[in-house]
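The residues making up each chain are set out below.
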Amino acid sequence: MLFSVMQLIGGVILSVGWIPQIIQILNTKSVSDLNLKSYLLILLGISLMETYAISLAVTGVGLAFLITNTMSCVVLLVIILILRYKSR
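Residues numbered from 1 in each chain as written. Predicted model: local features only at pLDDT ≥ 70, side-chain atom pairs only at ≥ 80, totals over all residues. Heavy atoms only, no water.

Moving on, we get to the overall build of the protein chain. Broken down by element type, the protein chain carries four helices and zero strands. Listed N to C, the secondary structure of the protein chain is α-α-α-α in terms of helices and strands. Every one of the 88 residues in the protein chain was classed for burial, and the buried ones make up 27%. Residue pairs in contact within the protein chain that sit at least 24 positions apart in sequence constitute 70% of those at least 6 positions apart. Roughly 6000 Å² of accessible area belongs to the protein chain as shown, and the carbon and sulfur atoms make up 73% of that amount. (Helix = DSSP H or I, 4+ residues; strand = E, 2+ residues; numbered from the N terminus. Buried < 20%, exposed > 50% of the residue type's maximum accessible area, 1.4 Å probe, protein only. Contact = heavy atoms within 4.5 Å. Areas by Shrake-Rupley, 256 points an atom, 1.4 Å probe, with all protein chains shown as cover.)

Here's what the structure looks like:
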């Protein structure tokens, strides 16, 4: 139980850690210093972990892992969509 709580807290911190980047992009209206490829690679890695998290959740363990990975995927997708939209 303790490790599930630690997983949830750590995952939420990692997911929320991307929000300042989103705020900076929206405030400055500039994505010129960001590299879309790096965000796509990070998304690929998290997506692979998401697949693993789903397999764990199906067996009854790893729900915290699934929740935090899903949060990270959503936040990264928002950043990637902003990068694609703003770089045009």
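One non-glycine residue with positive phi stands out, namely Lys29, at about 55°. Tracing the chain through its elements places Lys29 in the loop between helix 2 (19-28) and helix 3 (36-58).

Among the residues of helix 2, Gln21, Ile22 and Ile25 are the ones counted as buried. For helix 2, the angular spread of buried residues about the axis comes to 100°, placing them on one side. Looking at helix 2, the residues exposed on the side facing more than 90 degrees away from the buried face are Pro20 and Asn27. Packed against the buried residues of helix 2 are helix 3 and helix 4 (63-86). (Arc of directions from axis to C-beta.)

The next subject is the side chain of Asn69. Here Asn69 is to be found in helix 4. With relative accessibility at 5%, the residue Asn69 sits in the buried group. When sequence neighbours within four positions are dropped, the list of residues in contact with Asn69 reads Ile46, Met49, Glu50 and Ala53.

This part covers the packing of helix 1 (residues 2-16) against helix 4. The interhelical angle for the contact between helix 1 and helix 4, taken along N-to-C directions, is 5°, at an axis separation of 8 Å. When the axis of helix 1 is compared with that of helix 4, the two are roughly parallel. Listed contacts from helix 4 to Ser4, Gln7, Leu8, Gly11, Val12 and Ser15 of helix 1 are Ala64, Phe65, Ile67, Thr68, Met71, Ser72 and Val75. By residue class, the composition of the contact of helix 1 with helix 4 is seven nonpolar, six polar and no charged. (Axes fitted to C-alpha atoms, helices over the stretch in contact; angles between N-to-C directions. Parallel < 35°, antiparallel > 145°, perpendicular 65-115°, else oblique. Nonpolar A, V, L, I, M, F, W, Y, C, P; charged D, E, K, R; others polar.)

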